[in-house]
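Chain and residue survey
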Amino acid sequence: CKDMKKIIATTVSVLIVLGLQSQTVDEALRYSRYNYLGSTAKSTAMAGALGAIGGDFSSLAINPAGIGIYRSGEFSITPSIYNANSKSLYLGNYEHGHKTKFNIGNYGLIIPIEAEGNAESYGFEMFQIGLGVNRIENFHNDIRLQGYNDKNSITTGWVDHLNNANPTFIFDDDGNPILNGLDTYSTALAWNTWLIDWATDEQGNPYLFSDMYGGGVDQFVRLSSYGSMNEFDISGGFNWNDMMFLGATIGIPYFDYEELYVIREQDATAEGHPYFSTMDYRTALRTSGSGVNFKIGTIIKPVQFLRLGFAYHTPSLLNLTDDYEASMETHIDLSGNYQYERFNDIAYSYYEYSLVTPSRFIASLGLVIGNFATISADYEYADYSKTRYVSDDPWAFDEVNNMIKDNLTASSCIRVGAELSYNIFKLRGGYAYNTSPYANADYTANSPVDGSIHTFSLGAGLRFRSFYMDFGFANSSDQLIINPYSNNYASYVQPAETDCWSRQYQLTLGFRF
């Protein structure tokens, strides 16, 4: 009924709501799973396997006992370049995405204090204090899809959902319908921009339809994310008889995350759709937050060549804020004479909540072969099913917390690294394998194929009396299954197969005093 529905060309909805689709299983995992490869070049080059070796600023975030290795003061800073890439297969077409960002992986200060008096007589050799920032996760990514869809549209699932829900029509005094039960961030936008319309069947019952319900559209999709998680670490440690090292860290994680989802559909049929020309649907989420955690660790040296490390990280309590926006723009022919008009609508929301991440256990082994070589390995365990959302309303997140419990599981990370030394030169390499945190990898359309991440790394370094320089490189890869539609109504949509890989280049400059 193109002549009955009344709408103004531009409408704006501003809402404060109690919950958004951003509080999901994937979001909980995003802020709970860390790779520790964004900090120093040495840590990156050895795949983060420094839990039993220490002596690097990244230790403050992994095993704080590593601070006890220091015998001289040190300031370090790490400029870094992060490059994210993707290759997606959708509807028979390959598309590539890429993003490159410059950042500072770490900056920090270590101050050692020699033991004196009674402390020295009890075997304490050095005390250390450290503070600074470590990057513990990058969120940058760029995924693009493109193809001709002859079976459905993003509106297909919306229309099916609304018709199956038996929509209620209320007519105003002029006979124009007001439709209840619309989702503010999807179907309401489509209704207000004429993308979804209504008609009556032979019995006079109203129903909803879209012009491209059966497909016949070219689709262009982009899913981009930006941001990172850093942690401000305040640490203290000591060295006892050069046999046991103990350290503790108060960690203050903070982060910003932005996600942009855009889909464009345009008429691609030879005869043309009766009303539809183009549609652009866009959602933007920005999440920022900060929190606190505590870490404690030890390194034991039972014999000269062997190091054993153990660390425990408490859960982090993160306070988060979401800003969410959804908008739609359409070009629709209301006259039937191919005179297309432009319509748009937009909706906003804002929400505050908290997230509790799982605790972590790390066990490490290190072998030091004279001044020639170091071999190290870390094993990390975290149970992601323990992650949970928290709010003032004790029942607000029951559903999503149960989904986390059912769909996430315990995950392990194995990190192995080696360093060869000759005079002032260092050569390093490493490998890390993160097992899947998913109990069921198919629980969501945008989940990884198996959830595992493989990382290969290498690097080099130069050591001088009061200055050092390290270079680190790491390549991480995983696979995703991407649903091109950001709604829960279209389970029949053909997903895209996406390979993702990231490359990180780091240069650490260190100054000793």
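The structure we're discussing is the one just above.
As a starting point, this report considers the structure included with it. What you see is a predicted model, and the numbers here were worked out from it, not measured in a lab. (Residues numbered from 1 in each chain as written. Predicted model: local features only at pLDDT ≥ 70, side-chain atom pairs only at ≥ 80, totals over all residues. Heavy atoms only, no water.)

1. Let's talk about the packing of aromatic side chains
Aromatic ring pairs are reported here in terms of the distance separating the ring centres and the angle at which the planes meet. Rules: The pairing test for Phe, Tyr and Trp rings, Trp by its six-membered ring, is centres within 6.5 Å, and the orientation test on the planes gives stacked under 30 degrees, edge-to-face over 60, and tilted for anything in between. A helix here means a DSSP run of H or I that spans at least four residues, while a strand means a run of E at least two residues long, and both kinds are numbered starting from the N terminus. With a 1.4 Å probe rolled over the protein chains alone, any residue whose accessible area is under 20% of its type maximum counts as buried; one over 50% counts as exposed, and the rest are partly exposed. Two thresholds decide whether a charge sits over a ring: the Lys NZ or Arg CZ must be within 6 Å of the ring centre and within 35 degrees of the ring normal.
Overall, the coordinates contain 22 aromatic pairs when judged by the stated rule. Where Tyr-261 meets Tyr-281, the ring centres are 6.3 Å apart and the plane angle is 75°; that geometry is what we call edge-to-face. Of this pair, Tyr-261 sits in strand S11 (residues 244-267) while Tyr-281 sits in strand S12 (residues 276-300); the two residues are 20 residues apart in sequence, bridging distant segments of the chain. Given the relative accessible area of 5%, Tyr-261 is considered buried. An angle of 35° between the planes, with centres 5.2 Å apart, marks the rings of Tyr-389 and Phe-397 as tilted. Judged by relative accessible area, Tyr-389 falls into the buried class, the value being 4%. The exposure class assigned to Phe-397 is buried, which follows from its relative accessible area of 6%. Put simply, the rings of Tyr-31, Phe-139, Phe-255 and Tyr-257 touch in pairs and so form one group of aromatic residues. Over the ring of Tyr-257 we find Arg-30, and its NZ or CZ is 3.9 Å from the ring centre.

2. Structural notes on a nonpolar patch on the surface
Stated formally: Residues enter patches when their relative accessible area tops 30% and they take part in no salt bridge; the joining distance is 9 Å for like charges and 5 Å for the nonpolar side chains Val, Leu, Ile, Met, Phe, Trp and Tyr. For every accessible area listed, the method is Shrake-Rupley and the probe measures 1.4 Å; residues are considered covered only by the protein chains on display. We define a salt bridge as a side-chain nitrogen of Lys or Arg found within 4 Å of a carboxyl oxygen belonging to Asp or Glu.
On the surface, Val-303, Phe-305, Leu-365, Leu-367, Ile-369, Phe-372, Ile-375, Leu-420 and Leu-427 cluster together into a nonpolar patch covering about 800 Å² of accessible area. Tracing the backbone through its elements, the reader meets Phe-372 in the loop between strand S16 (360-369) and strand S17 (373-383).

3. Re the environment of Tyr-31
Counted only if it meets this: A contact between two residues is defined here by any heavy atoms of the two lying within 4.5 Å.
Looking at where Tyr-31 falls in the secondary structure, it is placed in the loop between helix H1 (25-30) and helix H2 (41-45). Considering only alpha carbons, one finds Tyr-31 and Ile-234, 203 residues apart in sequence, at a separation of 21 Å. Those residues within four positions of Tyr-31 in sequence are excluded, and the remaining contacts are Phe-139, Met-229, Phe-255, Tyr-257, Thr-287, Leu-318, Leu-320, Leu-355 and Thr-357.

4. Some details on the pairing of S16
Put simply, the test is: A pair of strands is treated as paired once DSSP finds two or more bridges between them.
Across eight bridges, the pairing between strand S13 (residues 306-313) and S16 is antiparallel. Residue pairing in the sheet places Ala-311 in a bridge with Ile-362 of S16. Where S16 lies against S17, ten bridges are found, and the strand directions are antiparallel. Considered in S17, the bridge of Arg-360 is made with Ala-382.

5. With respect to the nonpolar core
Filter applied, for reference: To define a nonpolar core, start from buried Ala, Val, Leu, Ile, Met, Phe, Trp, Tyr and Cys residues and group those joined through side-chain atoms within 4.5 Å.
Residues Ile-154, Trp-158, Leu-195, Ile-196, Leu-208, Tyr-281 and Met-328 are the most contacted members of the largest nonpolar core, which totals 39 residues. In this structure, Leu-208 is in contact with Val-159, Leu-162, Asn-163, Pro-167, Phe-169, Leu-179, Trp-191, Ile-196, Asp-197 and Trp-198, ignoring residues within four places of it in sequence. The next biggest cluster of nonpolar side chains, apart from the first, holds 28 residues, and it includes Tyr-257, Tyr-389, Leu-408 and Tyr-438.

6. A closer look at helix H5 (residues 154-164)
How we decide: Polar contacts, as counted here, are pairs of nitrogen or oxygen atoms within 3.5 Å of one another; within protein the pair requires one atom able to donate a hydrogen and one able to accept it, and residues that are adjacent in sequence qualify only if both atoms are side-chain atoms.
All buried positions along H5 are accounted for by Ile-154, Thr-155, Thr-156, Gly-157, Trp-158, Val-159 and Leu-162. The N-capping residue of H5, defined by a side-chain oxygen 3.0 Å from the backbone nitrogen of Thr-155, is Ser-153.

7. Concerning empty space enclosed by the protein
In plain terms, the rule: Put simply, the grid is 1 Å and covers the protein atoms alone, a cavity is a trapped set of points that fit a 1.4 Å probe, a pocket is an open set with protein on both sides within 12 Å along at least five of seven lines, and lining residues have an atom within 4 Å of a point. Grid points are joined across faces, edges and corners, and a volume is the space filled by probe spheres set on the points. Three classes are used, and their members are as follows: Ala, Val, Leu, Ile, Met, Phe, Trp, Tyr, Cys and Pro are nonpolar, Asp, Glu, Lys and Arg are charged, and the others, Gly among them, are polar.
One pass over the structure, following the stated rule, counts four cavities of 30 Å³ or more. Reported here for the largest cavity is a volume of approximately 90 Å³. Lining the largest cavity we find Tyr-34, Tyr-36, Ile-136, Glu-231, Asn-293, Lys-295, His-313, Thr-314, Ser-316, Thr-357, Pro-358 and Arg-360. Its residues assigned to classes, the lining of the largest cavity comprises four nonpolar, five polar and three charged. By volume, the second largest cavity amounts to about 80 Å³. In terms of lining residues, the second largest cavity is bounded by Arg-33, Tyr-34, Arg-360, Glu-380, Tyr-381, Ala-382, Tyr-384, Ser-411, Ser-412, Cys-413, Arg-415 and Asn-434. Where the lining of the second largest cavity is concerned, the elements lending two or more residues are S17 and strand S19 (410-422).

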